[in-house]
There are 2 protein chains.
Amino acid sequence: MWNDWKSWIKRRSPAQVITAYYIVSVTISVMLLRLPGVHLPNVEVPFIDTVFTAVSAVSVTGLTVVNISETYSVFGYFVIMLIMQFGGIGIMALGTFFWLLLGKKIGLRSRRLIMVDHNQYALSGLVQLVKEIVKIIVVIEIIGTLILGFHFLKYYSTWEEAFLQALFASVSATTNGGLDITGASMIPYAGDYFVQFITIILITLGAIGFPVLIELKEFLFRRKWDLDVPYQFTLFTKLTTITYAGLLVFGTLIIILLEFQHFFRGMSWHESFFYAFFQSGTTRSGGLATMDVSEFTMPTLLVMSIMMFIGASPSSVGGGIRTTTFALNILFIWHFARGNKDIKVFRRELHHDDILKSLVITILAMIICFTSVVIMSITDKHLQLIEIIFEVCSAFGTTGLSMGITAELSNIGKIIIMVLMFVGRIGLTSFLYIIGGKTEKTNYHYPKERIIIG
Amino acid sequence: MWNDWKSWIKRRSPAQVITAYYIVSVTISVMLLRLPGVHLPNVEVPFIDTVFTAVSAVSVTGLTVVNISETYSVFGYFVIMLIMQFGGIGIMALGTFFWLLLGKKIGLRSRRLIMVDHNQYALSGLVQLVKEIVKIIVVIEIIGTLILGFHFLKYYSTWEEAFLQALFASVSATTNGGLDITGASMIPYAGDYFVQFITIILITLGAIGFPVLIELKEFLFRRKWDLDVPYQFTLFTKLTTITYAGLLVFGTLIIILLEFQHFFRGMSWHESFFYAFFQSGTTRSGGLATMDVSEFTMPTLLVMSIMMFIGASPSSVGGGIRTTTFALNILFIWHFARGNKDIKVFRRELHHDDILKSLVITILAMIICFTSVVIMSITDKHLQLIEIIFEVCSAFGTTGLSMGITAELSNIGKIIIMVLMFVGRIGLTSFLYIIGGKTEKTNYHYPKERIIIG
Ligand SMILES: [K+]
Ligand SMILES: [K+]
């Protein structure tokens, strides 16, 4: 049995394995979410809405057609938390694993650390890697639960209630699941900056990418005799962290700028700042919100849409085109305009294949999202264009923010959003290989001929 | 004086020359449009609106904040036609010239034909090329005027009126200027399929690209003894023509599909077909319309927006990212998904630099258009999102279709639209070199390092 599985997996491409994992997870999740006792008494959920909830939880998006706290029992909460763990951590582990395996190494140190043998398809390496990722994420979740739990004692009358809320909030934030059992996302904590700060940190630890966490752990727990040598972070870690931070700061500033005469009118500076900061941070992939985002004005909603489209770091619990893809696009356009085709950054050069891939992924993502918007403008005529654009970007970025229209979607609309959550979560690299099918290697060449471009 | 100019032009980059030509043309156009007798008696046009009209005519876009027929005299009409000629033909000639000069040859035959010496900066070659382009375009315009003029005798009481209308219509269609002196674009001819058919042919001849016209001329007027050898069209001509035709057919079908239960409800098949056919064809860059496009539904408007964004062929009178850029994007994504980085098409291989350029241009164009939409959603709050998107794509594609909001734009809105018409017309290749400034050639290299993409 074990050997059968080993031999099956050996014959599959990474994209196939990740997709299979995703589909199996959704199927099991649907079954779990139909178990007796999962729903509150007298609550009926249509089958497509169960599937939608399962897809949303496995892809850790957080868009929902039902209100979790009014639909599911405490047992249901635990089922949902379990699904978010499998969706968030599982796909992150598989993605990192294949990336290592295909020889695109993070750096010798990290590889040694997670003990994946480059030259053989080591399932023991996979097991080891999954263990490492689960360990790091679960430790983060437990710390988050403890910090939030004690703090929540001032909101909830019993320890059980406070720690249940804290556990769900911590898991939802760390896996970037974006679901809530408060019934109104983070709005009850809109005035509690401590909770918001902890939540943003948890979201960031989930969305910054596993390789970054590994290197951070290495950096923080270095042995004494290593302290003399300056620690060398990988290019990936530098690039993704700076992009992540840049987007957070840019988003915060632009939201303040666009809303200080609108939504923030009459608010204190710290209220405005925290609203902007949290809503900027959550677009990376978190999906929790301290306000009803539909109260923002059009320009803010457009900027947030594009930030969700960019999404989180690769090998993380997030979606979208990914931070590195975005960074490479910007860097390359800048260099290309100056007549330079090599990108030099942090005393390293980027690989041409990676640049090409980032450009292709961005354009393909735009085509997919644009097509989705067009189709939904046919099937969901009752919605405004900005509501559709926001929802599509949110699903593709597996962010889970919404202008409040998810429950009103037509069945075709729901299916499109589910497909987008799937594509956004597994990432367009994997998606490309699925739609591309078998590689066609050809050995012949035709004469090259130049053509005029734009 | 002539030598001064020769030596000045030798020290300039193509982008600088084209931009200089554009700016000089706009400046002269503004002066011409302020001449006495240009306006109808008692008509006052604000300065920014004159600039807008000049930019619109030089970039052969056709968006207007004034109604031409209610604002300008017959003398004014001739001034506007002259400006469209200089904007349409001039930039087309310069673009083709530099493309030839930089060694990206169309093919030996074409080069020999237009007698541009590859190895020296031959101004005589430029003069020759401009003459050739002017000759072809003017012949097309004259034939168009004659065909339309005799036909228009059934609409207009005098020969003068009929042939003035025909001349303006022919010049506006061939240069893709998109302006009209009927007061309502092509709506008066909504039932006249003959006029529409001729107009689409004129638009296409202008927008298909000058190299295609040259090859077509060669093909049609071959000497007898050449007839034994099959004529070999260049890859550029094949690719751009097929893309052009493909977009026309796709656009027609999709408009019929999206509107047969809406705008086309109750219409005969040929009415529906011609509305769809003309409006599909005009998105390439023509800008004339046989109907008020704002009567279309949201999905149709979105599809037309993206078709205008794609725009016309390079080295033509049109704008946008260009047909070849779009074709290369689609071809490359398709090949990339199959693990293949060489694009083979028509027994030729495309150059990697061209592919890279097409990807960069597409992404940059999306960033520019998206930023414009965001800014206009701040400055022109009174407009709907789709109206802004449609207007932005129309300006960037130098198409000139509008949902009827151009006259309502704020001053900042007008400036953004003017900038987009400029960028769309000169093309992003030129624009890239302008913003990029001096090339930085470096001889050192850093170690390459892979990073994780999406
Ligand atoms: K999420
Ligand atoms: K036009």
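Residues numbered from 1 in each chain as written. Chains lettered and ligands numbered in written order. Predicted model: local features only at pLDDT ≥ 70, side-chain atom pairs only at ≥ 80, totals over all residues. Heavy atoms only, no water.

An unreviewed UniProt entry lists chain A under the name Ktr system potassium uptake protein D, from Cytobacillus horneckiae. Under Subcellular location (unreviewed entry), UniProt gives the following word-for-word description of chain A: "Cell membrane". (UniProt positions renumbered as here; feature names shortened; annotations may be inferred.)

(A) Quick look at the overall build of chain A. Looking only at helices and strands, one finds 18 helices and three strands in chain A. For chain A, with 454 residues in total, the buried portion stands at 60%. The contacts of chain A with a sequence gap of at least 6 include a subset with a gap of at least 24, amounting to 71%. (Helix = DSSP H or I, 4+ residues; strand = E, 2+ residues; numbered from the N terminus. Buried < 20%, exposed > 50% of the residue type's maximum accessible area, 1.4 Å probe, protein only. Contact = heavy atoms within 4.5 Å.)

(B) Region of interest: the side chain of D380(B). Residues and elements named next belong to chain B. Inspection of the secondary structure assignment puts D380 in the loop between α15 (352–379) and α16 (385–396). A polar contact of 2.7 Å, which involves the side chain of D380, links it to the backbone nitrogen of S410. Once residues within four sequence positions are removed from consideration, D380 is found in contact with I388, E408, L409, S410 and G413. (Polar contact = N/O pair within 3.5 Å; in protein donor to acceptor, adjacent residues only side chain to side chain.)

(C) Geometry of the pattern of salt bridges. Residues and elements named next belong to chain B. In total, this model carries two salt bridges over all chains according to the counting rule given. Here K414 and D49 are joined by a salt bridge, their closest N and O atoms 2.9 Å apart. Taken together, the positions of K414 in helix α17 (residues 411–426) and D49 in helix α3 (residues 47–58) put the pair 365 residues apart, joining distant regions of the chain. On the basis of relative accessibility, which here comes to 8%, the residue K414 falls in the buried class. (Salt bridge = Lys/Arg side-chain N within 4 Å of Asp/Glu carboxyl O.)

(D) Fine view of the packing of aromatic side chains. Under the definition given, this model contains 44 aromatic pairs over all chains. With a centroid separation of 5.4 Å and 90° between ring planes, the pair formed by F150(A) and F163(A) is classed as edge-to-face. With F150(A) in helix α7 (residues 123–152) and F163(A) in helix α8 (residues 159–174), this pair connects stretches of sequence that are 13 residues apart. Summarising the aromatic geometry, the rings of Y155(B) and Y156(B) are spaced 6.4 Å apart at their centres and angled 55° between planes, so their arrangement reads as tilted. With relative accessibility at 34%, the residue Y155(B) sits in the partly exposed group. Residue classification places Y156(B) among the buried positions, given a relative accessible area of 18%. By way of ring pairs, the aromatic residues F152(A), Y155(A), Y156(A) and Y189(A) are connected into one cluster. (Phe/Tyr/Trp six-rings, centres within 6.5 Å; stacked < 30°, edge-to-face > 60°.)

(E) Representation of the side chain of S25(B) within the structure. You can see S25(B) is positioned in helix α2 (residues 14–33). Within the local environment of S25(B), its side chain forms a polar contact with the backbone oxygen of Y21(B), the two atoms lying 2.6 Å apart.

(F) Up close: the coordination of the potassium ion (ligand 2). Residues and elements named next belong to chain B. Those donors, V60 (O), T61 (O), N176 (O), S285 (O), G286 (O), T398 (O) and T399 (O), are the protein atoms that reach the potassium ion (ligand 2), and they lie 2.5 to 3.1 Å from it. Counting along the primary sequence, the residues that act as donors to the potassium ion (ligand 2) give the motif V-T-x114-N-x108-S-G-x111-T-T. Of this pair, S285 sits in the loop between α12 (269–282) and α13 (298–310) while T399 sits in the loop between α16 and α17; the two residues are 114 residues apart in sequence, bridging distant segments of the chain. Each of the two residues, S285 as well as T399, counts as buried. (Donors = N, O, S within 2.8 Å, 3.2 Å for Na, K, Ca; no water.)

(G) View of the coordination of the potassium ion (ligand 1). All names here are of chain A. On the protein side, the potassium ion (ligand 1) has V60 (O), T61 (O), N176 (O), S285 (O), G286 (O), T398 (O) and T399 (O) as donor atoms, found 2.4 to 3.0 Å from it. Donor residues for the potassium ion (ligand 1) sit on one chain with the sequence pattern V-T-x114-N-x108-S-G-x111-T-T. Remark: G286 occurs in the loop between α12 (269–282) and α13 (298–310) and N176 occurs in the loop between α8 and α9 (193–207); sequence separation between them is 110 residues. Residue classification places N176 among the buried residues on the basis of a relative accessible area of 0%.

(H) Geometry of the confidence of the model for chain A. Residue and element names in this part refer to chain A. When pLDDT is averaged across chain A, the result is 85; 85% of the residues are at 70 or more. Helix α16 (residues 385–396) holds the highest mean pLDDT among the elements of chain A, 97, whereas helix α6 (residues 108–114) holds the lowest, 40. When the criterion is pLDDT under 50, residues 103–122 qualifies, and its contacts beyond four places in sequence or with other chains add up to 50 contacts. (pLDDT = per-residue confidence, 0-100.)

(I) Examining unusual backbone geometry more closely. Residue and element names in this part refer to chain B. Phi at N176 takes a positive value of approximately 60°, unusual for a residue other than glycine. Here T398, not a glycine, exhibits a phi torsion of approximately 45°, which is positive. For T398, the location among the structural elements is in the loop between α16 and α17. Judged by relative accessible area, T398 falls into the buried class, the value being 0%.

(J) Examining the packing of helix α15 (residues 352–379) of chain A against α15(B) more closely. Put simply, α15(A) and α15(B) touch, their axes get as near as 10 Å, and they point 45° apart. The orientation of α15(A) with respect to α15(B), classified from their angle, is oblique. At the point where α15(A) passes α15(B), the crossing takes the left-handed sense. Between α15(A) and α15(B), the contacting residues are L356(A), L359(A), V360(A), T362(A), I363(A) and M366(A) on the first element and L356(B), L359(B), V360(B), T362(B), I363(B) and M366(B) on the second. For the contact of α15(A) with α15(B), the residue count by class is ten nonpolar, two polar and no charged. (Axes fitted to C-alpha atoms, helices over the stretch in contact; angles between N-to-C directions. Parallel < 35°, antiparallel > 145°, perpendicular 65-115°, else oblique. Left-handed = near helix turned anticlockwise from the far one by under 90°. Nonpolar A, V, L, I, M, F, W, Y, C, P; charged D, E, K, R; others polar.)

(K) Quick peek at helix α14 (residues 323–337) of chain A. The terminal C-alpha atoms of α14(A), which comprises 15 residues, lie 21 Å apart, in line with the 21 Å expected from a rise of 1.5 Å per residue. One or two positions beyond α14(A), positive phi appears at G339(A), with a value near 75°. (Expected span 1.5 Å × (residues − 1).)

(L) Region of the structure containing the environment of S25(B). Residue classification places S25(B) among the buried positions, given a relative accessible area of 11%. Distance from S25(B) to S59(B), taken between C-alpha atoms, is 9.7 Å for residues 34 residues apart in sequence.

(M) Up close: the environment of F326(B). Residue and element names in this part refer to chain B. Within the fold, F326 resides in helix α14 (residues 323–337). Residue F326 is classed as partly exposed on the basis of its relative accessible area, which comes to 26%. Counting along the chain gives 86 residues from F326 to T240, while the straight-line C-alpha distance between them is 9.6 Å. Those residues in contact with F326 that lie beyond four places of it in its chain are T243, L247, I310 and I321.

(N) Quick peek at the state of the cysteines. What the rule picks out here adds up to zero disulfides over all chains. The thiol sulfur of C369(A) is not disulfide-bonded, and the nearest other cysteine sulfur, from C393(A), lies at 5.4 Å. (Disulfide = S-S within 2.5 Å.)

(O) Molecular detail of the environment of G191(A). Relative to the elements of secondary structure, G191(A) occurs in the loop between α8 and α9. C-alpha of G191(A) to C-alpha of Y275(A): the two residues are 84 residues apart in sequence and 9.4 Å apart in space.

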